[in-house]
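# Notes for the structure review
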Amino acid sequence: MMEFYRLCEDAAAFDIVSTNNKKFSEPDNKKIIFLEQFVDRVRSFSSQYGHDSSISYTAYNLTGSPSKFPDYGDFPQAFVMRTYGPWWNKAPSRLEDYMIQNNGSVISQDYIDLQYRQDVYPIRISIYETYNPGSVIGIWVQEPYKKQWFQLWSGPPQFVPERARIFSPPLKTCHFKTRRVRIEFNHDLLDYYTELDAVLLIGTSELIVPRDHITYHQNLSNLLQELGGNKYNNEDIYNLTPNIKTANQDLSIIKKMFYKYCILYNSQIMNNISNGNLVTTLGQHCHSVPPLEEAFKNFQEFLQKEFPKFKRDLSSSSSICRISSPNDKDVFSILNNDDNRSCGSFSALPDETIFKIFKYLDLKTLCRLCRVNRHLSNIAKDALLYTSLNLKPYWDCLDNNALNYLIPRCQYLQRLDLSWCGNYNMINSKDFVNFIRSCGKLLTHLRLNCCSYMNDNAMLVVTRVCTNLKELCLRNCFRITNYGFSKIERLRCLERLELNGDITETCILCSILRKNPQMKHLNLAGIRERLNMDEIAIELGNSCPKLESVDFWKTQTLTPNGVRALARCVNLREVDFGWCNGMGAPGDSLRELLSSCRYLEKVFLTALRGLTDRDLEPLLLCQRLQQLDLLGARSLTPEMCYGFLLWCPKLEMIDLSFCEGISDSQIQEWQRKYPHISFKRNIFTLRN
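What you are looking at is a predicted structure, and each value in this text was computed from that prediction instead of being measured.

The subject of this paragraph is the layout of surface pockets. Of the voids in this model, the second largest pocket is the one considered here, and its volume is about 270 Å³. Along its surface, the second largest pocket is lined by 16 residues, and Arg 94, His 445, Glu 471, Arg 496 and His 521 are the ones closest to its centre. Of the residues contributing to the lining of the second largest pocket, the split by class is 3 nonpolar, 2 polar and 11 charged.

What follows is the structure in structure tokens.
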């Protein structure tokens, strides 16, 4: 306890020294520049509804100033992601997380990384949402030199009014300049696709904090919240700009009355302060030490708020002990009684029991337990705790050192998810290859979506070492060429394969399918003119009788010949032929497929304008049908639609957007009669 008091005294002295050295300087309006920037470049993203060869619904549309805001609706000039609502998580092709204890309370389903022209201290990040808002759950910025990410805001997805909005959540104080921003999304609450028009970054050339830094906890967002009068907005509780007309009014007040509300933070002063007792003590107990400014701020908050309460509680506890037991020696003897010690000591549990408890712990907790004592460290490092490793939630901090740190524990590793991890040189191809060579021999599941270090050499090692792979996901791995993809032919046990990127040779993919007859799930979404999808469909029909799901979304070379070939895969549970314009009028091919595949649960036929009632009749016999997308089926009649409601008892969702033969009044009537079914109805113009 005395050591604790010494730390408090050291910190108080530290505060006096900092203040005397002009930690805060007098304001100089000429030095402060409020810079407003729209996106200069999109660096990466996890998914987009559009295609790179088009400008409709692509991530590129987030560059520049808003083009449609404040209009509300479906615009091809916006950025749209691939999924919405809970439907994709219910589909047969869904990816189930392993080591789910690593996930937070809200799971990030998509992200986009943005870059601006000039480095600034972020004050506000405003997201212009023009259709179905509410899916933003996280905002991050990247430190430009160390490449570390810092979370400025996080929150749950929201139900908000269906209108265009500028979403500007309260941000934490950022102690470095940045030009790189990441936005994360969760679509579970969305009724339909969300659309974003622009993202505005407002920042300053120097760090500023509220003049009354104790009241506002040195957080400018707290001051802005009060100045903007948005502290208790019930409709949009996380938004500092719920009213479009008065957006950034609070910033205007600060600009005009800077001296009254804010002071300039001399950010260079902290570089001249050596690490003292406080940092040294923290370093003895922490794997890594936070930036000194952050540690100092947090400790000051503790001294001002928590420490007085802690002393009161301690005093109260001591009084209670004295009242209940006048003799302190008696209390000491009770606490040290053997019976009590055996009941209360965690270390007294059998190792097998502790091991079972540790199986429910997340990765961070297991790493911390290794610093408690040698006994718990040995159990926490047991390789049987690391047979499944989900590292995706740690994308912001996983680097080469962390990957190498895990190698000794992963000797029995079977399932690994590294999706989103290691971009921007946080992990290089060499260290990934070293990890796979050390820990990949038993791998059966490997997910590497959006991993920039994946190249041809990495693919060569993966296919040589991980010969037992059943699942391989390589979405948005654009550095892999045909040479790297061709190495997948070595694998013989694949049941799931997800690809896109630069694969252009149909013969390579056909050879992969031929050598993996156990294939159950194939995802080639978005590969437009690069492959002959008819040949691939024919190969699937000939070689993969156990196929359960196929995603050919926006693959332009699929024709009725390929659809007819897939009819041989009678175990199909899910098909996505959305925007496959090569199908034209499907004729008898679709009818033949739907007649053969009676286990279908999800059928997406988005934007196939030539669909007729006759094409869809066999689908009435699919008793397991749950999701049906008929967007743009202009010839669809109410009679056929009503047939799905009557004869498909498990139907949960049906998209009838732009179905000209179906009126709004009919849909409203069906909604009242079948409340358990979610009817989707986009009222805006259909565009390709």
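Structure's up, so let's keep going.
Within this structure, the stated rule accounts for 23 aromatic pairs. Measuring from centroid to centroid gives 5.3 Å for Tyr 84 and Trp 88, while their planes differ by 65°, and the two rings are edge-to-face. Residue Tyr 84 is classed as buried on the basis of its relative accessible area of 1%. Lying over the aromatic face of Trp 149, Arg 182 brings its terminal NZ or CZ to 5.6 Å of the ring centre. The ring of Trp 395 is capped by Arg 182, whose NZ or CZ atom sits 3.8 Å from the centre of that ring.

We now examine the environment of Ser 135. Turning to its location among the elements, Ser 135 is positioned in the loop between β5 (110-131) and β6 (136-142). Judged by its relative accessible area of 0%, Ser 135 is buried. Through-space distance from the C-alpha of Ser 135 to that of Glu 184 is 8.4 Å; in sequence the pair is 49 residues apart. Once residues lying within four places of it in the same chain are set aside, the contact partners of Ser 135 are Glu 129, Glu 184, Phe 185, Asn 186, His 187, Leu 190 and Thr 194.

Here the residue pair Phe 69 and Pro 70 is connected by a cis peptide bond, since its omega of 10° sits within 30 degrees of zero. By the secondary structure assignment, Pro 70 is in the loop between β3 (41-45) and β4 (79-80). Even without glycine at this site, Met 99 takes up a positive phi of about 55°. Structurally, the position occupied by Met 99 is in the loop between β4 and β5.

Let us look at the pairing of β6. Among the 7 residues of β6, 7 are classified as buried, and the element is accordingly described as predominantly covered. Summarising the sheet, β6 and strand β9 (residues 178-185) pair through 5 bridges and their orientation is antiparallel. Note on β9: the bridge partner recorded for Val 136 is Phe 185. Inspection of the sheet shows β6 paired to strand β7 (residues 149-154) by 5 bridges, in the antiparallel sense. Bridge pairing in β7 links Ile 139 to Trp 153. Counting the residues in the hairpin turn of β6 and β7 gives 6 residues, including Lys 147, whose phi is positive at 65°.

Turning our eyes to something else, we now look at the pattern of salt bridges. A pair can form between side chains of opposite charge whenever their charged atoms are brought close. For the coordinates displayed, the defined rule picks out 26 salt bridges. In this structure, Lys 515 and Glu 489 form a salt bridge, with 3.4 Å as the shortest nitrogen-oxygen distance. With Lys 515 in the loop between α16 (506-514) and β18 (521-523) and Glu 489 in the loop between α15 (482-486) and β17 (496-499), this pair connects stretches of sequence that are 26 residues apart. Bridged by salt links that share partners, the residues Asp 417, Arg 447, Glu 471, Arg 496 and Glu 498 form one connected network.

It is worth spelling out the nonpolar core at this point. Of all hydrophobic cores here, the largest spans 125 residues; its most connected members are Phe 552 and Phe 577. Not counting residues within four places of it along the chain, the set of residues in contact with Phe 552 comprises Leu 522, Leu 524, Met 533, Ile 536, Ala 537, Leu 540, Leu 558, Leu 566, Asp 576, Phe 577 and Cys 580. If you look at the next biggest cluster of nonpolar residues, it comprises 28 residues, including Val 120, Val 136, Val 181 and Ile 183.

Turning our eyes to something else, we now look at helix α2 (residues 220-227). Across the 8 residues of α2, 6 count as buried, placing the element largely inside the fold. Within α2, burial applies to Leu 220, Ser 221, Leu 223, Leu 224, Gln 225 and Leu 227. Packing partners of the buried residues in α2 comprise β5, β11 (208-210), α3 (249-256), α4 (258-261) and β12 (262-265). At the N-terminal boundary of α2, the capping side chain belongs to Asn 219, with an oxygen 2.9 Å from the backbone nitrogen of Ser 221.

Thresholds applied
Per chain, the residues get numbers from 1 upward, laid out in the order the sequence is written. Note on the predicted model: pLDDT of at least 70 is required for a residue's local features to be given, and 80 or more for side-chain atom pairs to be given and counted; whole-chain, interface and lining totals, by contrast, use all residues. Values shown for side chains rest on all heavy atoms present in the structure; no hydrogens or waters enter the calculation. Here a cavity denotes grid points, spaced 1 Å and computed from the protein atoms alone, that fit a 1.4 Å probe unable to get out, and a pocket denotes an open set having protein on both sides within 12 Å along at least 5 of 7 lines; residues with an atom within 4 Å of a point are the lining. Grid points are joined across faces, edges and corners, and a volume is the space filled by probe spheres set on the points. Lys, Arg, Asp and Glu make up the charged group, whereas Ala, Val, Leu, Ile, Met, Phe, Trp, Tyr, Cys and Pro make up the nonpolar group; the residues left over, Gly among them, are polar. To pair, rings of Phe, Tyr and Trp, with the six-membered ring standing in for Trp, must have centres within 6.5 Å; the planes then decide the type, stacked if under 30 degrees apart, edge-to-face if over 60, and tilted in the middle. Here's how the labels work: a residue is buried when its accessible area is under 20% of the maximum for its type, exposed when over 50%, partly exposed in between, all with a 1.4 Å probe on protein chains only. Working rule: Lys NZ or Arg CZ, within 6 Å of ring centre, within 35 degrees of ring normal, means a charge sits over the ring. Helix numbers and strand numbers start at the N terminus; a helix is a DSSP run of H or I with at least 4 residues, a strand a run of E with at least 2. Working rule for contacts: check all heavy atoms of both residues, and any pair within 4.5 Å makes them a contact. At least two DSSP bridges between two strands are needed for those strands to be called paired. Salt bridges, as used here, are contacts in which a Lys or Arg side-chain nitrogen is within 4 Å of a carboxyl oxygen on Asp or Glu. In these notes, a set of buried Ala, Val, Leu, Ile, Met, Phe, Trp, Tyr and Cys residues joined through side-chain atoms within 4.5 Å is what counts as a nonpolar core. Throughout this description, a polar contact denotes any pair of N or O atoms lying within 3.5 Å of each other; where both atoms belong to protein, one of them has to be capable of donating a hydrogen while the other can accept it, and for residues adjacent in sequence the pair is counted only when both atoms sit in side chains.

Limitation: the analysis is restricted to geometry and does not speak to function.
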